[in-house]
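Structure at a glance
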Amino acid sequence: MKKPHRIEDPRAIDDVRLRDGVCLYGLLSQDGCSVGKDVHHITHRGAGGEDTPDNMIQLCRKHHSMAHNGLISVTDLRRVLTHFFGFEYRGSDCQFPEKK
Ligand SMILES: [Zn+2]
Ligand SMILES: [Zn+2]
């Protein structure tokens, strides 16, 4: 299946880089990071993920590829953001209740 191509919002990506600074997954898991600082979409853009801070996380190259290979789950990544920022998630496969 072909993913729809969308223009990424560079400002949103910059915001996430400033917010996170490091690989947030590695900061919590303490299992060692590689080089690289990539902003990853937790819910893939092709699956309806948006350029919002609660859907993006900065990862090193190692943890980024683990996220894409399914070794780090979407739920794991959301837990990391919840741990550091307390975000509520409203993505398409959201398991957290919406809070108003
Ligand atoms: Zn890492
Ligand atoms: Zn990614």
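Higher on the page you've got the structure.
Everything quoted here is computed from the prediction, not taken from an experiment.

1. So, helix H4 (residues 74–85)
- Its 12 residues place the ends of H4 16 Å apart at the C-alpha level, agreeing with the 16 Å of an ideal helix rising 1.5 Å per residue.
- Three or more residues of H4 are buried, namely Leu77, Arg78, Val80 and Leu81. When H4 is viewed along its axis, its buried side chains cluster within an angular range of 150° and face the same direction.
- At the C-terminal side of H4, Gly86 shows a positive phi close to 70°.

2. Focus on the nonpolar core
- If you look at the biggest cluster of nonpolar residues, it comprises 13 residues, and the most contacted ones within it are Cys23, Leu24, Tyr25, Ile57, Leu59, Leu77 and Val80.
- Those elements that place two or more of their residues in this core are helix H2 (24–29), strand E2 (56–59) and H4.
- Beyond its immediate chain neighbours, meaning those up to four positions away, Cys23 contacts Cys33, Gln58, Leu59, Cys60 and His63.

3. Overview of unusual backbone geometry
- Backbone geometry at Gln30 places phi at a positive 55°, although glycine is not the residue there.
- With respect to the secondary-structure elements, Gln30 resides in the loop between H2 and strand E1 (38–41).

4. Regarding the environment of Ser29
- Take Ser29: it is sitting in helix H2.
- Here Ser29 falls in the partly exposed class, since 14 other C-beta atoms lie within 10 Å of it.
- Residues Ser29 and Val80 lie 51 residues apart in sequence; the distance between their C-alpha atoms is 9.0 Å.

5. Focus: helix H3 (residues 61–68)
- Burial in H3 covers these residues: His63, His64 and Ala67. Each buried residue of H3 lies within a common arc of 105° when the element is viewed along its axis, so the set occupies one face.
- Just past H3, the residue Gly70 takes up positive phi, approximately 80°.

Rules of the game
- Residues numbered from 1 in each chain as written.
- Chains lettered and ligands numbered in written order.
- Predicted model: local features only at pLDDT ≥ 70, side-chain atom pairs only at ≥ 80, totals over all residues.
- Helix = DSSP H or I, 4+ residues; strand = E, 2+ residues; numbered from the N terminus.
- Expected span 1.5 Å × (residues − 1).
- Buried ≥ 20, exposed ≤ 12 C-beta atoms within 10 Å, placed from the backbone.
- Arc of directions from axis to C-beta.
- Core = buried A, V, L, I, M, F, W, Y, C linked by C-beta atoms within 7 Å.
- Contact = placed C-beta atoms within 7 Å.

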